[in-house]
Structure formats: C-alpha cells, structure tokens
Amino acid sequence: MSMNHIRPWRNIERRKSRQIMVGNVPVGGDAPIAVQTMTNTDSGDVKATLGQVLAAAEAGADIVRISAPDEAATKALKEITKESPVPIVADIHFHYKRAIEAAEAGAACLRINPGNIGDEKRVKEVIAAAKDHGCSIRIGVNAGSLEKHLLEKYGEPCPDAMVESGLDHIKILQDNDFHEFKISVKASDVFMSAAAYQLLADATDAPIHLGITEAGGFVSGTIKSAIGLGQLLWMGIGDTLRVSLSADPVEEVKVGFEILKSLGLRHRGVNIISCPSCARQGFDVIKTVETLEERLAHIHTPMSLSIIGCVVNGPGEALMTDVGWTGGGNGNGMVYLAGRQSHRMSNDDMVEHIVEQVEAKAAELEAAKAAAEAAE
C-alpha cells in the first residue's frame, strides 16, 4: 500500500494477492510491481537475443520474455538463460512440447495461452515439467485467441469470456496441485481489457500480469497503455506489467517505469519535471530536456529534476525537486538545490552543470542509503 498521510489523495491500496517467484523476482503480495518486456529478435539467434535481454535489463527490466516457437529457440534458450541477469519467461503457443523443452533449458516461467496450448492432457505435461524444473506459469488469455466453445457461448470476445477462460485453466493447475502461477487477460481494446481485469481481480487471488496487447506504435501504444494500465494500477490491480509497443523493447521498459513512477508505485532514475515551453522561455526547453534525458540515462538512483523555462512556475516546481533550473533573463538561469535557490548560471553551461549537480546528488543519496543499511 502506498501511504501518504500528508497527501492522502495520493494513496493507492493494492489488491491483496498471493506471491509467487519468477526466478529470483517475487511477483504479487507486497513485492514491487515488476516491469517486463519481450525480445523481438530471432529467438534462435543467441547473440542478438541476449543483446536485447541485456539492454532491457540495463534499462530496468525485472523480467524478460522470449518467444519459443521451435526447437532452435528452446535450444538457444539454454545458453541465454545462463547468461541473462534477469529471469527469462518462455512464451509458448500451439506446441506444448516447446514448454517442456523451455523448462529443461532453464526458463524461470512458462507463458501458456489457454486458447491454443491444447487439451488438458497436454497442460498436465507442461505442469509436470514446471514442477520438475522449478518454473512458474503464466496463464496468458488473449481476446484474439479465445477457445472456440467460449466464442460460441458468448458470441464474441468479451470480458466474461476471457475471465472464464482464465479461471478454467486456473482450475486445471490447482487440480494438479500447482499454485505457482500468475494470470493475464489481455485485449487490444482498452475498455475490454480494463473490464476483464476488474472481473479477474475479484475472482482470484493469483498475481495479475497487466497489459494492453498489440497496443500499437510508440506514441499510440504508450497512450493506450497509460490509460488502460494506469486506471487499473490506480485501483490497486496489478503485480507485474508489460507495455506492448511496436518499438524497441527498451522503450517498453522506459514507458512501464514512467507509468509506475507517475503513480508513485516504483521509483528508478531521474524524474524530470519540465514545462511544454512557450514564448516566455529563457532557453530552449525542449532541446535541453531531450539532451538531459539522454545524458542522465545512466542514473538509476530515484531523484527529481525540474527544468522550467521561466519564473511563472519555475520557482514553485524547484521547491519540490532535488535539483532545479529556472530560466531567467539575459541568458542566465537560477539553479536550485534541495528546493532552495543556490546560484545563477549561464545558459551556455547549463547542461553540463545540471549533469554534474544530478550526479553529485545521486552519489549523496546512494551514500546515505548505504550508511542507513549499514546501521541496521
């Protein structure tokens, strides 16, 4: 639960769910909401796929999913899982034997789709492999691939059909004494996804994996995901998430963290508060923020930076950030440190100076954290 006694309107009470492990990452319960992404390379290409895994992990991904459509992919998975710094989820469709091979190859979790994995006998074989190799399972329901009997029953994909599909598979797992599972009910339609997840949250205590599937390109997909996932997270629903974009997996990770950061649910890196700019700006705000986002990407310490073009809102925003810059006149700006005016600086030197101030503040915060942990 996110508690803020001074500003109670910021509080989010998370849904109570069971906790499972995906490799060494806890999912559910009181664990932080885990951010995931998925590689889009040829899964049989170890070098290319591992490269994406490492880049995603560096960007902050807690878990990475890899599609396993054939034997070449599951063979490569064995090498990838040995080198990966984060748990790997094997994405399985149609061929249940790929799930068994993935478990043997070291996958931390098996994602199976009730709509295409096959009959209960095949699911039981996947469960046995998961038990033997310490894998968890994600039941991944998609509106676009629901079972035929559910489409006949409901007439079309809908929240009730998606949840029924998921609960049917939960029963199979539980009947086989398997409880290390999480579940998702994804659709490309934001309304359908949100409604399905709300029904699901009331129907099970299993950890929930959030996502708006096939959300689209970077801009449109980010907006759809922010709307769909944002409202569910605000309601306390969700234990792990993936932002599905037709874009670089690293961008999915960045957007996922930004959604969580905006709700105060996860904190990683520099949170830049900046104005959209206008004729009052004392420097090129847009170009400056773009440059700083790139220059400060290596900072993982949670902290805040305000970059405001003029004195209308600049001083007020700077009071609430670790480091701040407010544009002024005559090619100068005011630097704020820990919410207080510190010194003036020429706009010509502002980027380098801000980077120095942020790096210094990050080092200070990390040192304080280390001291506190040592004292415990």
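That block above? That's the structure.
Residues numbered from 1 in each chain as written. Predicted model: local features only at pLDDT ≥ 70, side-chain atom pairs only at ≥ 80, totals over all residues. Heavy atoms only, no water.

**A closer look at the packing of helix 4 (residues 120-133) against helix 6 (residues 159-175)**
(1) Moving on: In contact at an axis separation of 10 Å, helix 4 and helix 6 are set at 55 degrees when each is read in the N-to-C sense. Overall, the two elements helix 4 and helix 6 adopt an arrangement that is oblique. Seen from above, helix 4 lies across helix 6 with right-handed handedness. Contacts between helix 4 and helix 6 involve Glu120, Val123 and Ile127 from the first element and His169, Ile172 and Leu173 from the second.
(2) Moving on: Tallied by class, the residues present in the contact of helix 4 with helix 6 amount to 4 nonpolar, 1 polar and 1 charged. (Axes fitted to C-alpha atoms, helices over the stretch in contact; angles between N-to-C directions. Helix = DSSP H or I, 4+ residues; strand = E, 2+ residues; numbered from the N terminus. Parallel < 35°, antiparallel > 145°, perpendicular 65-115°, else oblique. Left-handed = near helix turned anticlockwise from the far one by under 90°. Contact = heavy atoms within 4.5 Å. Nonpolar A, V, L, I, M, F, W, Y, C, P; charged D, E, K, R; others polar.)

**Thoughts on the packing of aromatic side chains**
(1) Moving on: Applying the stated rule across the entire model yields 0 aromatic pairs.
(2) Moving on: When the ring centre of Phe181 is taken as origin, the NZ or CZ atom of Arg18, which lies over that ring, is 4.8 Å away.
(3) Moving on: Against the face of Phe257 rests Arg268, its NZ or CZ located 5.9 Å from the ring centre. (Phe/Tyr/Trp six-rings, centres within 6.5 Å; stacked < 30°, edge-to-face > 60°. Lys NZ or Arg CZ within 6 Å of the ring centre and 35° of its normal.)

**Some points on the pairing of strand 3 (residues 34-38)**
(1) Moving on: Of all 5 residues in strand 3, 5 are buried; the element is thus mostly enclosed.
(2) Moving on: Residues Ala34, Gln36 and Met38 point to one face of strand 3 and Val35 and Thr37 to the other, with burial holding for every one of them.
(3) Moving on: Sheet topology places strand 3 next to strand 10 (residues 240-242); 3 bridges connect them, and they run parallel. Within strand 10, the residue paired with Ala34 across the bridge is Thr240.
(4) Moving on: Of the pairings in the sheet, the one linking strand 3 to strand 4 (residues 63-67) comprises 3 bridges and is parallel in character. Bridging from a neighbouring strand, Met38 pairs with Arg65 of strand 4. (Buried < 20%, exposed > 50% of the residue type's maximum accessible area, 1.4 Å probe, protein only. Pairing = 2+ DSSP bridges.)

**Describing the nonpolar core**
(1) Moving on: Core analysis: the biggest nonpolar cluster contains 79 residues, and Leu110, Ile137, Met162, Leu210 and Leu233 have the highest contact counts within it.
(2) Moving on: Those residues in contact with Met162 that sit more than four places away from it in its chain are Val141, Ala143, Leu146, Val185, Lys186, Ala187, Met192 and Ala196.
(3) Moving on: Judged by nonpolar contacts, the second largest core, of 21 residues, contains Met350, Ile354, Val358 and Ala362. (Core = buried A, V, L, I, M, F, W, Y, C linked by side-chain atoms within 4.5 Å.)

**Here's the deal with helix 10 (residues 285-295)**
It helps to recall that an α-helix has 3.6 residues per turn; residues three or four apart then point in one direction.
(1) Moving on: Along helix 10, the residues classified as buried are Val285, Thr288, Val289 and Leu292. All buried residues of helix 10 fall inside an arc of 95 degrees around its axis, so they share one side. Opposite the buried face of helix 10, at more than 90 degrees from it, the exposed residues are Ile286, Lys287, Glu290 and Glu294.
(2) Moving on: Where helix 10 is buried, its residues contact strand 11 (270-274), strand 12 (303-308) and helix 12 (350-375).
(3) Moving on: Where helix 10 begins, the capping side chain belongs to Asp284, and its oxygen is found 3.4 Å from the backbone nitrogen of Ile286. (Arc of directions from axis to C-beta. Polar contact = N/O pair within 3.5 Å; in protein donor to acceptor, adjacent residues only side chain to side chain.)

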